[in-house]
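Overview (structure and organization)
The residues making up each chain are set out below.
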Amino acid sequence: MSAEISLQRSRAWYARLLRLYPRQFRERFGEGMEQTFADSCWRRRTEGEGLLGFVVWVFAETIVAIIGEHVTRLRRHAMRDDAVRFLKTVKYSAIAVSVLMVAGILTVMFLARGKTGDDGDIAGVVAPALLLTSVSGVVAVVAAVRQKRAQRRVVHP
Amino acid sequence: MVRNVQSPLTPAVLHILLALATEERHGYGIMKQVESDSQRKVRMGPGTLYGSLGRMLEAGLIQESEKRVDPELDDERRIYYGISALGRTTLAAELQRYSDVLAVARRSSRARSTFAHVS
């Protein structure tokens, strides 16, 4: 009877220990881990092997695993944060290039106002600038979309 | 789904793949099979086991099975895991790698003398 009680107590303490896992991991594997722990304890009891040493070992092993899971999670978050920061830089750089190009095109158009002949032909300048503006715009949109996706993954990993 | 399988596999991952190569098992079943396969030389606690299972699921080496046994014989909430096609390929490649290394070691005269000392 006392062995039964100590088994139940060990299981209850193990369930408490499992709460230290990251939430997502705990929700996915917590029940299975608790069940596996209980099964292992039960088998040791029926085989007449000592429980205390085993329980201490499993607790120590699980604490190391909990720390490992948190470290892995933090590393992944750091990598995603770096990705978000990089995409933000790309997005704002592309927007800046687009704005500068538009300003340049407007300035050239303003300066060429009223001029005729070769002096008034600004197509050679405006066409590449327009192309660069379009490319920058596309890059900015793609970076913004990917940044949003990366941010969503950070919030809901 | 992430497909990131590093070679060589960790001992835990290799033992789990070996345990699942023959049939689908739940966590405790895997633990028992690993102990049995290694003649109780490898002890795997729930922390290592489920941490490895999580990474293996993410890498696509294993998958959760639809199998649920008779609740009267077993707990129907138990999740069974099975090896995937990628898992089988990875296990075969890893075993081949071990086999190649062993062949090289056996060919080496230095290794032969080491074996002589051991045996």
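Below is a short write-up of the structure. (Residues numbered from 1 in each chain as written. Chains lettered and ligands numbered in written order. Predicted model: local features only at pLDDT ≥ 70, side-chain atom pairs only at ≥ 80, totals over all residues. Heavy atoms only, no water.)

Attention shifts here to the layout of surface pockets. Considered as a void within the structure, the second largest pocket measures approximately 230 Å³ in volume. What lines the second largest pocket is a set of 16 residues, among which Glu31(A), Gly32(A), Arg77(B), Arg78(B) and Ile79(B) lie closest to the centre. If you list the elements that add at least two residues to the lining of the second largest pocket, you get helix H2 (23-46) of chain A together with helix H2 (27-37) of chain B. Looking at the lining of the second largest pocket, the element that brings in the most residues is H2(A), giving 7 residues. (1 Å grid on protein atoms, 1.4 Å probe; cavity = no way out; pocket = protein on both sides within 12 Å on 5 of 7 lines; lining within 4 Å. Points joined across faces, edges and corners; volume = space filled by probe spheres on them. Helix = DSSP H or I, 4+ residues; strand = E, 2+ residues; numbered from the N terminus.)

This part is about the interface of chain B and chain A. Residue-level contacts link 24 residues of chain B with 24 residues of chain A. Where chain B packs against chain A, one counts 6 salt bridges. Here the side of chain B that touches chain A is composed, by residue class, of 8 nonpolar, 6 polar and 10 charged. (Contact = heavy atoms within 4.5 Å. Salt bridge = Lys/Arg side-chain N within 4 Å of Asp/Glu carboxyl O. Nonpolar A, V, L, I, M, F, W, Y, C, P; charged D, E, K, R; others polar.)

Moving on: the sheet that holds strand S2 (residues 62-64) of chain B. Either a parallel or an antiparallel arrangement is found when strands of a sheet pair, and the pairing is made through backbone hydrogen bonds. Residues and elements named next belong to chain B. Within the open sheet, the 3 strands sit side by side as S1-S3-S2. Their pairing is antiparallel. Two strands lie at the open edges of the sheet, namely strand S1 (25-26) and S2, each paired on one side alone. Pairing analysis gives 2 bridges linking S1 to strand S3 (residues 80-83), with the strands arranged antiparallel. Bridging across to S3, arginine 25 finds its partner in tyrosine 81. (Pairing = 2+ DSSP bridges.)

Another aspect to go through is H2(A). Residue and element names in this part refer to chain A. Here H2 contains 24 residues, and its C-alpha end-to-end distance of 33 Å stays within 8% of the 34 Å for a straight helix at 1.5 Å per residue. Maximal helix bending in H2 amounts to about 55°, located at phenylalanine 29. Remark: glycine 48 follows H2 within two positions and exhibits a positive phi of approximately 75°. (Expected span 1.5 Å × (residues − 1). Bend = angle between axes of the 7 residues up to and from the residue.)

Attention now moves to the pattern of salt bridges. All names here are of chain B. One pass over the full model with this rule turns up 14 salt bridges over all chains. Note that arginine 97 and glutamate 94 form a salt bridge whose closest N and O atoms lie 3.4 Å from each other. Taken as a pair, arginine 97 and glutamate 94 lie in helix H4 (residues 85-107) at a separation of 3 residues, close to a single helical turn. Classification of arginine 97 as partly exposed rests on a relative accessible area of 31%. Among the residues examined, glutamate 94 registers a relative accessible area of 2% and is labelled buried. (Buried < 20%, exposed > 50% of the residue type's maximum accessible area, 1.4 Å probe, protein only.)

Residues and elements named next belong to chain A. Together, Ile63, Ile67 and Val71 make up a nonpolar patch on the protein surface, roughly 240 Å² of accessible area in all. Following the sequence through the fold, valine 71 ends up in helix H3 (residues 52-111). On the accessibility criterion, valine 71 (38% relative accessible area) is partly exposed. (Patch = residues over 30% accessible without salt bridge, like charges linked within 9 Å, V, L, I, M, F, W, Y side chains within 5 Å. Areas by Shrake-Rupley, 256 points an atom, 1.4 Å probe, with all protein chains shown as cover.)

Attention now moves to the environment of Ile62(B). All names here are of chain B. Residue placement: isoleucine 62 occurs in strand S2. Separated by 22 residues in the primary sequence, isoleucine 62 and serine 84 place their C-alpha atoms 4.9 Å from one another. If we ignore the near neighbours within four places in the chain, the residues touching isoleucine 62 are Leu17, Leu20, Leu53, Met56, Leu57, Tyr81, Gly82, Ile83 and Ser84.

Of all hydrophobic cores here, the largest spans 40 residues; its most connected members are Leu17(B), Ile30(B) and Tyr81(B). At 7 residues, the largest contribution of residues to this core is made by helix H1 (residues 11-22) of chain B. Other than its neighbours up to four places away in sequence, Tyr81(B) contacts Phe29(A), Leu20(B), Glu24(B), Arg25(B), Ile30(B), Tyr50(B), Leu53(B), Leu57(B), Ile62(B), Gln63(B), Glu64(B) and Ser65(B). (Core = buried A, V, L, I, M, F, W, Y, C linked by side-chain atoms within 4.5 Å.)

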